[in-house]
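# Results of the structural survey
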Amino acid sequence: MKAPRPKAPPARAPRRWRTPPPLTRGSETLEGMDILREVGGDAGILLWQSYRNVMLWASSEPEERGKMFSPEAGRKRLAELLEAQVPAQIVDSLVTVGRMIGSPGAGHGEAVAEACAAIGTWADREGAQATALAFRQAAALSAPMNAAFAYAVGKLARRRGEAPRAETWFRHAVMIGRQSGDWTSYSQAYISLGNMLRERGNLPAAQRMHVKALRAARRKGLRHVQGKALHELFIIATETGRNDQAEQYAKQAFKAYGPQHDLLPTLAHDVAYFWMDQGDFARVIPVFEALLPHFATPPLRMTVLSHIARAAGGTGQRDLFRKSWVEVTRMAKDPDTITVQAGALLELGQGAASLGEWDRAEQAAQQALRVAKERGEAKYRMGAEALLEHVQSGRSSQAAVASQRQPSSGAQAADWLAGEMVRSLEAAVAA
């Protein structure tokens, strides 16, 4: 007699992702009221009404939408649009919403979502960020399976400093991206969540988010997203003292980005600054010099020049240091550079101290201290005070530390990466 076959285990039900509904309200007392404050006039009233109409329509069940508005509501709205003073860039989008009001039971989801997204883009360009956020949310709710729209809400909310709202939308984008197969939005949302966690100091959780993004991007062949995830993992590795792993992430990020990627200059800057903090001053000077044409705005240029000054001091290149000193101190008089002045002046002082130019080091440190106090920048205030103490005792803490540092164990690989980054940056300028 044959033994009975064991029963096959029951098939697992597909896993369903559940996240709390994303936040759609901030501190405003009446939904959409910020639209009236930012835009005003006929356009503001019509935008506010349209936003409220879309939010009501999007939050209702499809079978309930048919009788949501009065039979004349759509025709009346279109007539109001003809008489109102409305920017030409948003007329078509408002017409689309008006048509939805006229026949709310028809399938308007994607059209209404695209119209709201277009209004959001216009409002963002006009500096009306609350209006932009409102309509990006309306777009995401009108097309509930569009992960890219959800991700866009999170990005704008984060830019506005609304961290709780941003986090809920990023998690929503992860869920929708997984369900709809939009792996780009899925991965990008995980990267954004990781960045928010890193800013809060939760580096282990941030690393987990970036690893999830990297795995999805690798599975789906999304090289640009791979590059970004690896770039963020590099930053976390530097902040946690895992220098050898940071070197590996930097090399992988460079390869994933490729030589023409828009974010290559940012990666090159971050990697070169990491090397400079390790005392590898000679390696970074060509990288920073190659970055200057890419960082043309006054704050960015001042920052890179201050790095060159610090590295020149560390390598004893007095002429290059003094050339950078002249330009950085001149740019420190420009009000447009105020956001980076304390950090740049501190770097300048460190370079001067490495050369034993104590008067210059003290001058830069005092100026950095003044700016840092005025702006409440505690990190730079403490750095400037520490540098002044060492200047007063006739020596520089930065020079002493740098003299004890050795190049990283992977010096050959780092030299290769530095050379490749310089060639790519120079080729991009020449193209």
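Residues numbered from 1 in each chain as written. Predicted model: local features only at pLDDT ≥ 70, side-chain atom pairs only at ≥ 80, totals over all residues. Heavy atoms only, no water.

### Observations regarding the overall build of the protein
Within the protein, the secondary structure is distributed over 21 helices and zero strands. In terms of overall dimensions, the protein has C-alpha extents of about 90 × 85 × 40 Å along its principal axes. Each of the 431 residues in the protein was classed as buried or not, and the buried ones make up 49%. By sequence separation, contacts in the protein at least 24 residues apart represent 64% of the contacts at least 6 residues apart. Roughly 21,400 Å² of accessible area belongs to the protein as shown, and the carbon and sulfur atoms make up 51% of that amount. (Helix = DSSP H or I, 4+ residues; strand = E, 2+ residues; numbered from the N terminus. Buried < 20%, exposed > 50% of the residue type's maximum accessible area, 1.4 Å probe, protein only. Contact = heavy atoms within 4.5 Å. Areas by Shrake-Rupley, 256 points an atom, 1.4 Å probe, with all protein chains shown as cover.)

### Topic: helix α16 (residues 318–331)
With 14 residues, α16 should reach 20 Å at 1.5 Å per residue; the first-to-last C-alpha distance of 20 Å fits that figure. Buried within α16 we find Leu320, Phe321, Ser324, Trp325, Glu327, Val328, Thr329 and Met331. Those residues of α16 that are buried lie in contact with α14 (281–291), α15 (298–315), α17 (341–354) and α18 (358–375). (Expected span 1.5 Å × (residues − 1).)

### A closer look at a positive patch on the surface
The grouping of Arg208, Lys212, Arg215, Arg219 and Lys220 at the surface amounts to a positive patch. You can see Arg208 is positioned in helix α10 (residues 203–219). (Patch = residues over 30% accessible without salt bridge, like charges linked within 9 Å, V, L, I, M, F, W, Y side chains within 5 Å. Salt bridge = Lys/Arg side-chain N within 4 Å of Asp/Glu carboxyl O. Lys, Arg positive; Asp, Glu negative; His and termini not counted. Charge placed at Lys NZ, Arg CZ, Asp CG, Glu CD.)

### Considering the packing of helix α7 (residues 147–159) against helix α8 (residues 163–180)
Interaxial distance between α7 and α8 falls to 8 Å at its minimum, and their mutual angle equals 160 degrees. Viewed along their axes, α7 and α8 adopt a mutual orientation that is roughly antiparallel. Pair α7 / α8 crosses with left-handed handedness. On α8, the residues that touch Ala147, Ala150, Tyr151, Val153, Gly154, Lys155, Ala157 and Arg158 of α7 are Arg165, Ala166, Trp169, Phe170, His172, Ala173, Ile176 and Gly177. (Axes fitted to C-alpha atoms, helices over the stretch in contact; angles between N-to-C directions. Parallel < 35°, antiparallel > 145°, perpendicular 65-115°, else oblique. Left-handed = near helix turned anticlockwise from the far one by under 90°.)

### Brief notes about the confidence of the model for the protein
Within the protein, residue pLDDT values average 92, and 92% of them lie at 70 or more. Within the model, the stretch residues 396–406 combines pLDDT values under 50 with 17 contacts to residues more than four positions away or in other chains. (pLDDT = per-residue confidence, 0-100.)

### Digging into the side chain of Arg136
Mapped onto the elements, Arg136 comes out in helix α6 (residues 129–142). Of the side chains with opposite charge, Asp124 lies nearest to the buried Arg136, which makes no salt bridge, at 4.4 Å. Non-local contacts of Arg136, meaning those with residues more than four positions away in its chain, are made with Ala117, Gly120, Thr121, Asp124, Ala152, Val153 and Leu156.

### Topic: the packing of aromatic side chains
For any pair of aromatic rings, the description rests on two quantities: the centre-to-centre distance and the angle between the ring planes. Summed over all chains, the structure comprises seven aromatic pairs. Ring geometry for Tyr151 against Phe170: centres 5.8 Å apart, planes inclined by 45 degrees, an arrangement best described as tilted. Here Tyr151, found in helix α7, pairs with Phe170, found in helix α8; they are 19 residues apart in sequence, far enough to count as distant. With respect to class, Tyr151 is no different from Phe170; both count as buried. Aromatic pair Phe254 and Trp416: ring centres 6.2 Å apart, planes at 85 degrees, arrangement edge-to-face. Placement of the pair is Phe254 in helix α12 (residues 243–257) and Trp416 in helix α21 (residues 411–430), with a sequence separation of 162 residues. Three or more aromatic residues link up through ring pairs in this structure, and these residues are Trp183, Tyr186 and Tyr190. Cation over ring: Arg65 sits above Trp57, and NZ or CZ is 4.1 Å from the ring centre. (Phe/Tyr/Trp six-rings, centres within 6.5 Å; stacked < 30°, edge-to-face > 60°. Lys NZ or Arg CZ within 6 Å of the ring centre and 35° of its normal.)

### Let's talk about the pattern of salt bridges
Under the counting rule described, the total for this entry stands at 26 salt bridges. For the salt bridge of Asp124 with Arg159, the shortest nitrogen-to-oxygen distance reads 2.7 Å. Here Asp124, found in helix α5 (residues 109–125), pairs with Arg159, found in helix α7; they are 35 residues apart in sequence, far enough to count as distant. On the basis of relative accessibility, which here comes to 49%, the residue Arg159 falls in the partly exposed class. Salt-bridge contacts for Arg165 lead to Glu162; the nearest nitrogen and oxygen are separated by 2.8 Å. Given a relative accessible area of 18%, Glu162 falls into the buried group. Each of Arg198, Lys228, Glu232 and Glu239 takes part in a single network of salt bridges with overlapping partners.

### Details of helix α13 (residues 264–277)
The terminal C-alpha atoms of α13 lie 20 Å apart, and with 14 residues this matches the ideal 20 Å at 1.5 Å per residue to within 8%. Along α13, 10 of the 14 residues are buried, which leaves the element largely enclosed by surrounding structure. Buried within α13 we find Leu264, Pro265, Leu267, Ala268, His269, Val271, Ala272, Phe274, Trp275 and Met276. In this structure, the buried residues of α13 make contact with α11 (223–239), α12, α14, α15, α17 and α21. Gly279 sits one or two positions beyond α13 and adopts a positive phi of about 90 degrees.

### Some remarks on the packing of helix α3 (residues 73–83) against helix α4 (residues 88–102)
With their axes 7 Å apart at the nearest point, α3 and α4 run at an angle of 160 degrees to one another. The angle between the axes of α3 and α4 places the two elements in the roughly antiparallel class. Once α3 is placed against α4, the crossing between them reads as left-handed. In this structure, α3 uses Ala73, Gly74, Arg77, Leu78 and Leu81 to contact α4, whose residues at the interface are Leu94, Val95, Gly98, Ile101 and Gly102.

### Some points on the environment of Phe295
Within the secondary structure, Phe295 sits in the loop between α14 and α15. A C-alpha to C-alpha distance of 9.3 Å links Phe295 and Thr266, two positions 29 residues apart in sequence. Setting aside residues no more than four positions away along its own chain, Phe295 makes contact with Pro265, Thr266, His269, Leu300, Arg301 and Val304.

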